[in-house]
Amino acid sequence: VELIRINIPVSIIALMNKEIDYATPTGSVLAGAVRGLPLKVVMYSLRTPLHALLVKPEIKSLAELKGRVISIASGTTEAILRAILAHGRMALEKDVKILLITESSNRLGALSAGRMDGAVLPPPFSVQAEKMGLRRLISAAEVPEIVEGKIAFPPPTGLGVHSDKLQSHPQQIKQMIRALLKSHDFIRTRKNDSVKIVSNWLKVDNAVATGSYDAFYSSMSPEGWVTEAFMEAVIDQLGQSLKASDKVPAARVVDFTIVKDVLGE
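These numbers come from a predicted model, not from an experiment. (Residues numbered from 1 in each chain as written. Predicted model: local features only at pLDDT ≥ 70, side-chain atom pairs only at ≥ 80, totals over all residues. Heavy atoms only, no water.)

J.: Lay out the overall build of the chain with the relevant residues and their values.
T.: Along its length, the chain carries twelve helices and nine strands. The globule rule puts the C-alpha radius of gyration for 265 residues at 18 Å, and the 19 Å found for the chain is close to it. Overall size of the chain, expressed as C-alpha extent along the three principal axes, is 55 × 45 × 30 Å. The burial tally for the chain puts 46% of its 265 residues in the buried class. A total accessible area of about 13,700 Å² is found for the chain, and carbon and sulfur atoms account for 52% of it. Here the chain contributes 32 positively and 27 negatively charged side chains, and the mean placements of these two sets differ by 4 Å. (Helix = DSSP H or I, 4+ residues; strand = E, 2+ residues; numbered from the N terminus. Rg over C-alpha atoms; globule rule 2.2 N^0.38 Å. Buried < 20%, exposed > 50% of the residue type's maximum accessible area, 1.4 Å probe, protein only. Areas by Shrake-Rupley, 256 points an atom, 1.4 Å probe, with all protein chains shown as cover. Lys, Arg positive; Asp, Glu negative; His and termini not counted. Charge placed at Lys NZ, Arg CZ, Asp CG, Glu CD.)

J.: Give a description of the nonpolar core that names residues and reports values.
T.: The nonpolar side chains of a soluble globular protein tend to be buried with one another. Counting 37 residues, the largest nonpolar core has Leu30, Ile177 and Met231 as the members making the most contacts within it. Within the residue set of this core, elements represented by two or more residues are helix H1 (8-16), helix H2 (26-34), strand S1 (39-46), strand S9 (157-162), helix H8 (170-189), helix H11 (228-241) and helix H12 (257-264). Setting aside residues no more than four positions away along its own chain, Leu30 makes contact with Val41, Tyr44, Met231, Val234, Ile235, Leu238, Val253 and Val254. (Core = buried A, V, L, I, M, F, W, Y, C linked by side-chain atoms within 4.5 Å. Contact = heavy atoms within 4.5 Å.)

J.: Quick rundown of the environment of Pro170? Include the residues and the values.
T.: Relative to the helices and strands, Pro170 resides in helix H8. Separated by 37 residues in the primary sequence, Pro170 and Ala207 place their C-alpha atoms 40 Å from one another. When near neighbours in sequence (up to four residues on either side) are disregarded, Pro170 contacts Lys165 and Ile258.

J.: Any details on a nonpolar patch on the surface? Residues and values, ideally.
T.: Judged by side-chain polarity, Val1, Leu3, Ile197, Trp201 and Leu202 come together as a nonpolar surface patch covering roughly 640 Å² of accessible area. Looking at the element boundaries, Leu3 is found in the segment before H1. (Patch = residues over 30% accessible without salt bridge, like charges linked within 9 Å, V, L, I, M, F, W, Y side chains within 5 Å. Salt bridge = Lys/Arg side-chain N within 4 Å of Asp/Glu carboxyl O.)

Written as structure tokens, this is what we have:
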């Protein structure tokens, strides 16, 4: 397997042009499929994002966020903050002030310097923030799946393919999914070994690697797929936000047949 790190928009273009075989940002794969691109999600690795809301130590509840300045980037972190605030019966535009900072490392630096009251951060930055004395107020994994009648967030990471590949290379997709499910089992059952891999991969100390592992573990998708009812709700909500003219059937944008076959084996 050749692992290529690409920013998300480029990865979707590359997948469309068949220059790569698989893409992991399934939120963008799903959005492209809802727009009519010939892409499909075939597996989910995570059921929720890994991010958490880190705040100044004196902030102890969601209610205390009112009037505060919170740093996010556009896209995923904004959606996470919206869901967190909705869970706390607040709204992004009305109850908090936003400071846009694209890079996670820069959000952490600005938060630790006191330039804002909170920031939405992924690991390892969320773990580093706690080591600095900042408070983890709530993680994305702690937000209910449904908040005020809406899906909090679609599963963010998994495996997306070009629709043609399902026809031309189903056995290869099956091998990929089997390997990923085996890796999930390894992660769940061998924490110490997994922490060591995280530490070596991210070049971080054991404490940060352990915190990153814990964030990943709590967000993992147990079986690699979600129910049809939940998936339809995700697609309908996404279609509304993208102003899709027609209702998009789940079968057009996801296919969990192979992952279910592997699980059965």
